[in-house]
Amino acid sequence: MNSVANNTSSNNLHLVTALQEERSAVWALYCQLAEMKPFSSENAIRPMLSEFSQLLIDYISFGHFSIYEHLIAEKQHQTSALSHAEKIYPAFSSITASAVTFSDTYDDGRRKFNTANLAQDLSMLGERLAERMELEDRLCSMLLH
């Protein structure tokens, strides 16, 4: 039984570490994008926006499907932890939708986009990502304890 507990703990630590690495990469690229203001040249920003959008979707998906669903599937956690995770879910899901909308709006050239709203959209996304990170930290804490 101790081997099963150690394996679960190791898997949980691996998930949390992978999430933190993805999150750091997304945040670093987000900061690089934000520093490119004012967003006057659509061509100069398009490649970075494309890379950011892809990384953002990978990160959002990993957090949503790997961390959150793993926590829900874990049968070892107490009912209170599961209850707390279920309370977090609506906000978590809403932030996921915001990130997908941003990515759909500023994807890599399949459609033209106007940079006029990019600063505002990027700022709003940054706020939502900060919120998401707080929620993820709570979920990760539940996984590790």
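A brief report on the enclosed structure follows. Being a predicted model, the structure only gives us computed values, none of them experimental. (Residues numbered from 1 in each chain as written. Predicted model: local features only at pLDDT ≥ 70, side-chain atom pairs only at ≥ 80, totals over all residues. Heavy atoms only, no water.)

A tally of helices and strands in the protein yields 4 helices and 0 strands. Here the protein, with 145 residues, has 39% of them falling under the buried criterion. The contacts of the protein with a sequence gap of at least 6 include a subset with a gap of at least 24, amounting to 77%. As presented, the protein carries roughly 8,200 Å² of accessible surface, and 52% of it is formed by carbon and sulfur atoms. (Helix = DSSP H or I, 4+ residues; strand = E, 2+ residues; numbered from the N terminus. Buried < 20%, exposed > 50% of the residue type's maximum accessible area, 1.4 Å probe, protein only. Contact = heavy atoms within 4.5 Å. Areas by Shrake-Rupley, 256 points an atom, 1.4 Å probe, with all protein chains shown as cover.)

The next subject is the side chain of Glu136. Considering the arrangement of structural elements, one finds Glu136 in helix H4 (residues 118-144). Given a relative accessible area of 1%, Glu136 falls into the buried group. Polar side-chain contacts of Glu136 include one of 2.8 Å to the side chain of Tyr59. (Polar contact = N/O pair within 3.5 Å; in protein donor to acceptor, adjacent residues only side chain to side chain.)

So, on to the pattern of salt bridges. The full count for this structure, using the stated rule, is 4 salt bridges. Asp137 is the partner of Arg23 in a salt bridge, and the nearest nitrogen-oxygen pair spans 2.8 Å. Placement of Arg23 in helix H1 (residues 2-34) and of Asp137 in helix H4 is noted, with a sequence separation of 114 residues between them. According to the relative accessible area criterion, Arg23 is buried, its value standing at 13%. In this structure, Arg132 engages Glu136 in a salt bridge whose closest nitrogen and oxygen atoms are separated by 2.9 Å. (Salt bridge = Lys/Arg side-chain N within 4 Å of Asp/Glu carboxyl O.)

This part is about the nonpolar core. Within the largest apolar cluster, 36 residues are counted, with the highest numbers of intra-cluster contacts made by Phe52, Leu56, Tyr59, Ile67, Phe102, Leu129 and Leu139. At the level of elements, H1, helix H2 (42-73), helix H3 (79-105) and H4 are the ones that each hand at least two residues to this core. In this view, Phe102 contacts Leu49, Phe52, Leu56, Leu118, Asp121, Leu122 and Leu125; residues no more than four positions away in its chain are not counted. (Core = buried A, V, L, I, M, F, W, Y, C linked by side-chain atoms within 4.5 Å.)

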